[in-house]
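A structural walkthrough
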Amino acid sequence: MIEHFQNGSAKKISMKTLVKRIRAYTHQADVSILNKAYAFAQTAHKGQRRQSGEDYLHHPLAVAGILTELKLDLPSISAALLHDVVEDTSYTPKDIQREFGEGVATLVEGVTKIGKIVFKNNQEKQAENFRKMIISMSADIRVLLIKLADRLHNMRTLDALKEERQQWIAMETLEIYAPLANRLGIGWIKSELEDLCFRALKPDIYTSLVKKIKAVSGERKRYIQSVVSTVEKALSKNDIQFTVSGRSKHLFGVYQKMERQGIPFEEVFDLMGIRIITDTKMHCYALLGLIHSLWCPLPGRFKDYIALPKSNRYQSLHTTVIGPKGRHVEFQIRTEEMHQIAEDGIASHWVYKDSGQINEKDEKVFAWLRQLMEWQRELPDSRQFMSSVKTDLFTDVVFVFSPKGDLTELAKGATPIDFAFAIHTEIGTHCVGAKVNGMITSLRHQLRNGDTVEILTSPAQKPSKDWLKIVTTAKAKAKIKQMIGIEERKQSLEIGRKILERELRKEKLSPREALKSEAILANLKEQGIHTMEELLIAVGYGKLSAKQVVSSLLPKPEMKEGLKDKFIKKAGFGKSEVKVTGLDELLIHLSKCCHPVPGEEIIGYITRGRGLSIHTVHCPNIDELDYDKERLVAVEWDNVPNRTHAIEISVLTLDRPGLLASVSAAIAETGANISHAEVKTTDDQKGNLNLSVEISNIKHLEKVIKKIESIDGVLQARRIWGDES
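The model shown is predicted, which means the values in this text are computed figures rather than measured ones.

Quick look at the overall build of the protein chain now. The secondary structure content of the protein chain amounts to 27 helices and 23 strands. Expressed as a percentage of its 725 residues, the buried residues of the protein chain come to 48%. Considering only contacts within the protein chain whose residues lie at least 6 apart along the sequence, 65% involve residues at least 24 apart. As displayed, the protein chain has an accessible area near 37,400 Å², and 49% of this comes from carbon and sulfur atoms.

Quick look at the packing of aromatic side chains now. Applying the stated rule across the entire model yields eight aromatic pairs. Centre to centre, the rings of Phe 40 and Phe 100 are 5.5 Å apart; their planes meet at 85°, and the pair counts as edge-to-face. With a gap of 60 residues between them, Phe 40 in helix 2 (residues 32-44) and Phe 100 in helix 6 (residues 93-100) connect regions that are remote in the sequence. In terms of burial, Phe 40 and Phe 100 fall into one category: buried. Taking 4.8 Å as the distance between ring centres and 25° as the angle between the ring planes, the aromatic pair formed by Phe 198 and Tyr 255 counts as stacked.

Attention now goes to the nonpolar core. Grouped together as the largest cluster of nonpolar side chains are 73 residues, with contacts concentrated most on Leu 18, Leu 82 and Ile 96. Discounting residues that sit within four places of it in the chain, Ile 96 has contacts with Phe 40, Leu 82, Val 85, Val 86, Gly 101, Val 104, Ala 105 and Val 108. Ranked by size, the runner-up nonpolar core spans 23 residues in total, among them Val 231, Ile 306, Leu 317 and Val 321.

The next subject is unusual backbone geometry. With phi around 60°, Lys 71 is a residue other than glycine that occupies positive phi space. As for its placement among the helices and strands, Lys 71 is situated in the loop between helix 3 (58-69) and helix 4 (74-82). Backbone geometry places Asn 437, a non-glycine residue, at a positive phi of 55°. Among the secondary structure elements, Asn 437 is positioned in the loop between strand 11 (431-436) and strand 12 (439-441).

Before going further, it helps to spend a moment on the confidence of the model for the protein chain. In this model, the protein chain carries a mean pLDDT of 77, and residues with pLDDT of at least 70 account for 77%. Across residues 350-358, where pLDDT falls below 50, the model places 20 contacts with residues more than four positions away in sequence or in other chains.

Time to look at the environment of Leu 57. Note that Leu 57 resides in the loop between helix 2 and helix 3. For Leu 57 and Lys 46, which are 11 residues apart along the polypeptide, the C-alpha to C-alpha distance reads 8.2 Å. With residues up to four places along the chain from it excluded, the contact list for Leu 57 reads Tyr 38, Ala 41 and Gln 42.

Turning to the side chain of Ser 650, a few remarks are in order. Within the secondary structure, Ser 650 is located in strand 20 (residues 645-654). Excluding its chain neighbours within four sequence positions, the residues that come into contact with Ser 650 are Leu 689, Asn 690, Gln 716, Ala 717, Arg 718 and Ile 720.

Time to look at the sheet that holds strand 13 (residues 453-457). Think of a sheet as strands paired side by side through backbone hydrogen bonds, with each pair either parallel or antiparallel. The strand order 12-11-13 describes an open sheet built from three strands, whose pairing is antiparallel. Two strands bound the open sheet, and with one partner strand each, they are strand 12 and strand 13. In this sheet, neighbouring strand axes are inclined to one another by 35° on average, regardless of whether the strands run parallel or antiparallel. Two elements, strand 11 and strand 12, share three bridges in a ladder whose sense is antiparallel. Paired with Ala 434 across the bridge in strand 12 is Thr 441.

As a further point, take the pattern of salt bridges. Per the counting criterion, the structure on display carries 14 salt bridges. Between Lys 36 and Glu 99 there is a salt bridge, with its nearest N and O atoms 3.6 Å apart. Here the residue Lys 36 occupies a position in helix 2, and Glu 99 occupies one in helix 6, the gap between them amounting to 63 residues. Among the ionic pairs, Arg 489 bridges to Glu 533, the shortest N-O distance being 3.2 Å. Of the two residues, Arg 489 sits in helix 21 (residues 474-506) while Glu 533 sits in helix 23 (residues 532-541), which places them 44 residues apart along the sequence. Given the relative accessible area of 40%, Arg 489 is considered partly exposed. For Glu 533, a relative accessible area of 40% translates into the label partly exposed. Several salt bridges share partner residues, and in doing so they unite Glu 219, Arg 220 and Arg 327 into one network.

With that out of the way, let us pick up the sheet that holds strand 22 (residues 686-695). With antiparallel pairing, four strands are arranged side by side in an open sheet as 21-22-20-23. Taken across any chain shown, the strands that pair with only one partner, and hence form the sheet edges, are strand 21 (673-681) and strand 23 (714-719). In this sheet, adjacent strand axes meet at a mean angle of 20° when their direction is disregarded. Here strand 20 pairs with strand 23 via five bridges, running antiparallel. Looking at the pairing, Val 651 lines up with Ala 717 of strand 23. Contacts between helix 26 (residues 659-669) and the sheet are confined to strand 20, strand 21, strand 22 and strand 23, with strand 22 contributing the most and set at about 20° to the helix.

Looking now at the environment of Ala 181. Position of Ala 181 relative to the elements: it lies in helix 10 (residues 163-183). The class for Ala 181 is buried, based on a relative accessible area of 0%. Linking Ala 181 and Ala 149, residues 32 residues apart in sequence, is a C-alpha distance of 10.0 Å. Excluding residues within four positions of it along the chain, Ala 181 makes contact with Leu 148, Ile 186, Ile 189 and Lys 190.

Looking now at helix 10. Under the 1.5 Å per step criterion, the end-to-end length of helix 10 is 29 Å for 21 residues, consistent within 8% with the ideal 30 Å. Where helix 10 bends most, the angle comes to about 45°, and this point is Thr 173. Following helix 10 by one or two positions, Gly 185 adopts a phi angle in the positive range, close to 80°.

The next thing to look at is helix 26. Turn by turn, an α-helix covers 3.6 residues, leaving residues three or four places apart pointing in a common direction. Within helix 26, the full set of buried residues consists of Leu 659, Val 663, Ala 666 and Ile 667. Across the axial projection of helix 26, the buried residues extend over an arc of 100°, all falling on one side. Exposed and oriented more than 90 degrees from the buried face of helix 26 are Ala 661 and Glu 669. Those residues of helix 26 hidden inside the fold are in contact with strand 20, strand 21, strand 22, helix 27 (698-709) and strand 23. With its phi angle positive at about 90°, Gly 671 sits one or two positions after the end of helix 26.

On to the packing of helix 9 (residues 142-156) against helix 11 (residues 187-201). Put simply, helix 9 and helix 11 touch, their axes get as near as 10 Å, and they point 35° apart. The interaxial crossing formed by helix 9 with helix 11 has left-handed handedness. Residues Arg 151, Leu 152, Met 155 and Arg 156 of helix 9 form the contact with helix 11, whose own contacting residues are Trp 188, Ile 189, Glu 192, Leu 193, Leu 196 and Cys 197. Classifying every residue of the contact of helix 9 with helix 11 by side-chain character gives seven nonpolar, no polar and three charged.

The grouping of Arg 260, Arg 301, Lys 303, Lys 310 and Lys 412 at the surface amounts to a positive patch. Summarising the element assignment, Arg 301 is placed in the loop between strand 5 (296-297) and strand 6 (303-304). Note on Arg 301: relative accessible area 30%, which makes it partly exposed.

The next point concerns the packing of helix 12 (residues 203-235) against helix 13 (residues 251-261). Closest axis-to-axis distance for the helix 12/helix 13 pair is 11 Å, and the angle between their directions is 100°. Taken as axis vectors, helix 12 and helix 13 run roughly perpendicular relative to one another. Judged by residue contacts, Ile 205, Tyr 206, Leu 209, Val 210 and Ile 213 of helix 12 engage Leu 251, Val 254, Tyr 255 and Met 258 from helix 13. Classifying every residue of the contact of helix 12 with helix 13 gives nine nonpolar, no polar and no charged.

Definitions and limits used
Numbering of residues starts from 1 in each chain and follows the order in which that chain's sequence is written. Where local features are concerned, this predicted model is filtered to residues with pLDDT of at least 70; where side-chain atom pairs are given and counted, the filter is 80 or more; whole-chain, interface and lining totals use all residues. Working from all heavy atoms in the structure, the side-chain values ignore hydrogens and water. Secondary structure elements follow DSSP: runs of H or I no shorter than four residues count as helices, runs of E no shorter than two count as strands, and numbering proceeds from the N terminus. The buried label applies to any residue whose accessible area, calculated with a 1.4 Å probe on protein chains only, is under 20% of its type's maximum; exposed applies above 50%, and partly exposed to all values in between. A contact between two residues is defined here by any heavy atoms of the two lying within 4.5 Å. For the accessible areas, the method is Shrake-Rupley and the probe is 1.4 Å, while residue cover comes only from the protein chains on display. Any two rings among Phe, Tyr and Trp, with Trp reduced to its six-membered ring, count as a pair given centres within 6.5 Å; such a pair is stacked if its planes are under 30 degrees apart, edge-to-face if over 60, and tilted if neither. Among buried residues, those of type Ala, Val, Leu, Ile, Met, Phe, Trp, Tyr and Cys that are joined through side-chain atoms within 4.5 Å constitute a nonpolar core. Each residue carries a pLDDT score, the predictor's confidence in it, ranging from 0 to 100. DSSP bridges decide pairing: two strands pair if at least two such bridges lie between them. Orientation is described by lines fitted to C-alpha atoms, with helices fitted over the stretch in contact, and by angles between N-to-C directions that extend from 0 to 180 degrees. Any carboxyl oxygen of Asp or Glu within 4 Å of a side-chain nitrogen of Lys or Arg constitutes a salt bridge here. In this scheme, a helix's expected span is set at 1.5 Å multiplied by one less than its residue total. Bend at a given residue is defined as the angle between two axes, one fitted to the seven residues that end at that position and one fitted to the seven that begin there. Throughout, the arc means the angular range of directions from the helix axis out to the C-beta atoms. Crossings are sorted by hand: turned counterclockwise from the far helix by less than a right angle, the near helix makes the crossing left-handed, and turned clockwise it makes it right-handed. Residues are grouped as follows: nonpolar covers Ala, Val, Leu, Ile, Met, Phe, Trp, Tyr, Cys and Pro; charged covers Asp, Glu, Lys and Arg; every other residue, Gly included, is treated as polar. Only residues whose relative accessible area exceeds 30% and that form no salt bridge are eligible for patches; like-charged ones are grouped when within 9 Å, while nonpolar side chains (Val, Leu, Ile, Met, Phe, Trp, Tyr) are grouped when within 5 Å. In this count, Lys and Arg are taken as positive residues and Asp and Glu as negative ones, while His and the chain termini are left out. Think of each charge as sitting on NZ of Lys, CZ of Arg, CG of Asp or CD of Glu. Roughly parallel here means an angle under 35 degrees, roughly antiparallel means over 145, roughly perpendicular means 65 to 115, and every remaining angle is called oblique.

The following block contains the structure:
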């Protein structure tokens with residue numbers, strides 16, 4: 001639709017022309033509201049200029065003019081004249097409502113850009129702006145039609161901006177607005193937006209293509225005219241009403257075909273096609289037969305969009321034949337009503353009421369809009385929402401049937417899981433298998449046009465992460481991620497509870513009392529943890545160490561009163577490692593229940609017949625055994641020579657390939673050595689690594705544990721006490 005703009009500047013429209021256009025399709029229209037809106041906008045924008053230097057009022061007039069081509073109603077045209085008043089002037093939405101009523105004010109507010117919200121970056125701003133537009137148009141689709149007209153005029157006058165800004169706007173238009181125009185079935189806006197984006201994004205290729213098309217246009221037109229004459233002569237012999245015309249493929253469509261098929265311009269033979277418009281659906285099929293009797297149809301190039309309309313209600317028969325001189329000629333055959341819908345889409349059959357409600361027969365057109373609203377509620381992250389919308393807007397579609405014959409439209413490449421979620425979330429959640437055309441098939445099977453799909457379910461089934469690699473539709477992906485998130489949260493809550501309770505018991509604290517106490521949350525609010533559930537989930541995910549949480553509840557460890565003495569004397573234990581207070585040399589051994597290591601605070605216990613047993617002051621057996629205070633002695637580490645101690649460490653991980661190797665490498669980096677390892681996996685897809693590690697002292701142990709916990713996929717690393725072994 002290049003004729004709409006010349007040398008980068010759009011054709012200007014006057015108020016007189018605007019009124020004339022409206023009265024052409026709404027004969028009894030009371031245009032007084034338009035004149036009032038024009039005068040209001042003229043006053044509001046007085047003195048304002050666009051980047052091109054022209055009077056700002058030309059822009060709202062042009063937007064209103066585009067809407068008259070869609071034959072929109074007076075409130076829509078009035079809102080178009082006022083759509084930038086709230087954003088760019090001192091007037092407020094209340095001013096608009098007072099002067100023009102709630103209907104026009106709602107449309108203006110829906111179209112007004114987000115300029116007062118502070119965003120982190122351009123991507124977030126673009127995503128949030130788009131989310132706002134989707135919410136607005138869900139209440140009244142006219143909001144989107146005005147927005148499309150606004151973007152179309154901005155694209156027509158894009159040359160006034162700096163090149164970097166041009167590129168950004170053109171890319172956004174190509175990714176969002178052109179596909180939205182296509183979804184609404186407004187073919188001419190979609191084509192013009194794509195061509196304008198093409199010119200801005202690839203100016204050299206665009207200019208070259210324009211020259212090449214111009215060079216061959218004369219010969220191509222003569223060829224098409226000869227084909228049209230042949231068709232008219234053949235069809236006139238039948239009692240069928242019809243009109244035949246040639247049509248040009250838009251530039252971006254030609255470029256896409258060259259890129260997609262990897263061919264030069266000279267090998268694109270269907271630059272122009274032929275469109276036949278008739279009066280009835282039956283005559284469409286009759287004319288198709290006559291065309292195929294004149295020329296041989298090209299296999300695989302026939303599409304029946306009458307029997308299976310596109311989601312935007314587009315209907316037509318498409319066929320490509322091998323025409324005169326062996327050239328490919330594409331035909332489109334449709335009724336007048338189908339043609340109107342193909343050109344103007346939603347605007348051709350939208351029944352406007354004061355409430356902006358959707359006509360019942362147009363409900364199917366808005367199924368995708370309801371889906372967008374569902375994503376909008378379920379995907380709080382604006383960029384994820386926008387990504388899902390882009391995926392949905394760009395994909396080709398397949399049509400499949402339920403066993404009852406209900407038709408469902410899915411993205412090309414969709415699988416039975418996509419179909420299951422399209423029917424209902426519960427069916428998708430519990431999907432265990434599928435029958436396609438009566439045959440059991442894999443959930444990875446890609447559905448084809450016309451397939452009949454039956455979903456098999458089980459109450460015990462839940463979505464898995466593997467499904468995300470299988471599905472293609474945005475709805476299925478969003479639902480699967482949501483369900484997995486809920487399940488992971490439940491698992492992490494349970495894991496976190498077990499880990500924290502174990503740590504509390506180890507420190508002789510009551511889990512029941514501690515988990516009810518507000519004290520355990522006191523130091524965590526700065527980390528964004530305000531509830532016990534959040535705490536347990538953070539521990540379960542491995543984001544928070546249970547040991548750190550519990551240590552915040554404990555007083556600083558002190559040696560028990562009465563254990564210190566004035567004299568220090570060495571006692572034999574192979575190489576001397578322990579100093580013992582007030583005793584002669586004894587048989588000394590390190591207890592197996594807590595495996596004390598140099599650097600830890602320790603205490604000694606004189607056993608009956610086995611000498612002196614050395615424990616850590618935090619050993620779980622110290623308080624459980626009925627010790628005689630006279631048998632407790634104060635001990636401390638002597639200068640420790642180069643000697644290692646075997647310590648048991650438990651590591652809780654996600655069940656991932658290569659994680660054991662990562663843990664081993666991390667331990668080796670600290671200078672420690674693994675003497676023994678046991679690996680187990682659990683039903684909830686977790687891994688348990690029990691390692692015997694040779695370390696030199698307590699600081700070395702702390703370094704090893706800290707290094708292990710820094711690995712992605714490790715939920716917790718901790719020392720095992722003897723009674724846990």
